[in-house]
Amino acid sequence: IYGSDGEIFARYVRKDLQAYQPPAHPLSGTLELEDSLGIFRNISYDNKTIGTIYLEADLGELDERLRNYAGIVILVLLVSGFVTYLLSSRLQNVVSVPILQLEQTAHEVAERRDYSLRATKRGEDEIGRLIDRFNEMLAQIQARDQALQKTHEELEKRVEERTSELRQEVEERERAQRRMSESEQLHRQMALNASDLLYVIHTDAEMV
């Protein structure tokens, strides 16, 4: 506390800071030091300034607390980061790896048109049920593909059989036409030779 003349009237210092010396004269406002913060306020009585009070707070303890809090925050961040890494690794094995394998299987099915492929199931969770539905879909597509292939083979076989039958019918018709043509030629030849035969017979009978 400073008197009206600016001299120190009284002071109080912590026991561990007995060697501390306050400012020799009062100032105004706040005083920022390296490890402390001081503030000056006038003491008034009956509308007259009779002195000044100066309070100075040691910021060392606050800095220590801040350092402790910063250490705690860093430790919490490290622990949370480690836990996050463990969770992400676990989730990667549980979620990412099955999904990537499912995508790879779907890609191979699309590229190779091989519906006998199946995705590997790793658990009974939602991803596992999704893989089950995917495998069931592949099984249905494979069954339909096999049925279509069988129908296609049967149709090709029927076409071949019908083609063979038609080829035989064409050959039989060609043979029949050849026989008919030969028969017509024979009849035509017989008709042409009939007059000569009659003439010879009539000559032998002395008939003209």
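Our subject is the structure that appears above.
Residues numbered from 1 in each chain as written. Predicted model: local features only at pLDDT ≥ 70, side-chain atom pairs only at ≥ 80, totals over all residues. Heavy atoms only, no water.

Chemist: Would you mind showing me how to read the overall build of the protein here?
Modeler: Check the secondary structure of the protein and you find two helices and four strands. The secondary structure elements of the protein, listed N-terminal to C-terminal, are β-β-β-β-α-α. Since a compact globule built from 208 residues should have a radius of gyration of about 17 Å, the 59 Å found for the protein marks it as more spread out than a globular shape. Taken over the C-alpha atoms alone, the protein extends approximately 195 × 35 × 30 Å along its principal axes. For the protein, the residues scored as buried account for 12% of the 208 residues in total. Taking the intrachain contacts of the protein between residues at least 6 apart in sequence as the baseline, contacts between residues at least 24 apart amount to 29%. For the protein, the computed accessible surface area is about 17,600 Å², with 56% contributed by carbon and sulfur atoms. Of the charged side chains in the protein, 26 are positive and 37 negative; the average position of the first set lies 4 Å away from that of the second. (Helix = DSSP H or I, 4+ residues; strand = E, 2+ residues; numbered from the N terminus. Rg over C-alpha atoms; globule rule 2.2 N^0.38 Å. Buried < 20%, exposed > 50% of the residue type's maximum accessible area, 1.4 Å probe, protein only. Contact = heavy atoms within 4.5 Å. Areas by Shrake-Rupley, 256 points an atom, 1.4 Å probe, with all protein chains shown as cover. Lys, Arg positive; Asp, Glu negative; His and termini not counted. Charge placed at Lys NZ, Arg CZ, Asp CG, Glu CD.)

Chemist: For this particular structure, what's the right way to read the packing of aromatic side chains?
Modeler: Working definition: an aromatic ring pair is given by the centre-to-centre distance plus the angle between the planes. A complete count under the given rule lists two aromatic pairs for this structure. With centroids separated by 6.5 Å and ring planes inclined at 40°, the aromatic side chains of Y2 and F40 adopt a geometry described as tilted. Here Y2, found in strand β1 (residues 2–3), pairs with F40, found in strand β3 (residues 36–45); they are 38 residues apart in sequence, far enough to count as distant. The pair Y2 / F40 is uniform in exposure class, with both members buried. An aromatic cluster is built from Y2, F40 and Y54, whose rings are joined through pairwise contacts. (Phe/Tyr/Trp six-rings, centres within 6.5 Å; stacked < 30°, edge-to-face > 60°.)

Chemist: Explain the side chain of S36 to me, please; I cannot follow it from the model alone.
Modeler: Position of S36 relative to the elements: it lies in strand β3. Only 2.7 Å separates the side chain of S36 from the side chain of E56, close enough to count as a polar contact. Dropping the residues within four chain positions of it, S36 is found in contact with L31, E56, A57, D58 and L59. (Polar contact = N/O pair within 3.5 Å; in protein donor to acceptor, adjacent residues only side chain to side chain.)

Chemist: Looking at this structure, how should I read the pairing of strand β4 (residues 48–58)?
Modeler: Successive residues of a regular strand alternate their side chains across the two faces of the sheet. Looking at chain direction, β1 and β4 are connected through two bridges and run antiparallel. From the neighbouring strand, G3 faces β4, where its bridge partner is G51. Note: β3 against β4, ten bridges, orientation antiparallel. When the sheet's bridge partners are listed, G38 is paired in β4 with E56. Counted along the chain from β3 to the antiparallel partner β4, the turn is two residues long, and its residue D46 has a positive phi close to 55°. (Pairing = 2+ DSSP bridges.)

Chemist: Teacher, can you tell me more about a nonpolar patch on the surface here?
Modeler: A cluster of nonpolar side chains, namely L75, V79, F82, V83, Y85, L86, L87, L91, V95 and I99, defines an oily patch on the protein surface of about 940 Å² accessible area. By the element assignment, F82 lies in helix α1 (residues 60–112). (Patch = residues over 30% accessible without salt bridge, like charges linked within 9 Å, V, L, I, M, F, W, Y side chains within 5 Å. Salt bridge = Lys/Arg side-chain N within 4 Å of Asp/Glu carboxyl O.)

Chemist: Whenever I open this one, the sheet that holds β3 confuses me. Can you help?
Modeler: For sheets, the rule is that strands pair by backbone hydrogen bonds, running either parallel or antiparallel. Read across the open sheet, the four strands follow the order β1-β4-β3-β2; overall the sheet is antiparallel. Pairing within the sheet leaves two strands with one partner each, and these edge strands are β1 and β2 (29–32). In this structure, β2 lies alongside β3, joined through four bridges in antiparallel fashion. Counted as the bridge partner of E32 is L37 from β3.

Chemist: Is there a simple way to explain a negative patch on the surface in this structure?
Modeler: A cluster of acidic side chains, namely E153, E154, E156, E160 and E161, defines a negative patch on the protein surface. The topology assignment puts E153 in helix α2 (residues 126–204). Assessed through its relative accessible area of 45%, E153 is described here as partly exposed.

Chemist: For this particular structure, what's the right way to read α1?
Modeler: Three or four residues apart is the spacing at which side chains of an α-helix point the same way, because the helix has 3.6 residues per turn. Compared with an ideal rise of 1.5 Å per residue, which puts 53 residues at 78 Å, α1 spans 73 Å between its outermost C-alpha atoms and is within 8% of the ideal. At Q92, α1 shows its strongest bend, of approximately 45°. Burial in α1 covers these residues: P98, L102, T105 and V109. A positive backbone phi angle near 55° is found at R113, which sits one or two residues after α1. (Expected span 1.5 Å × (residues − 1). Bend = angle between axes of the 7 residues up to and from the residue.)

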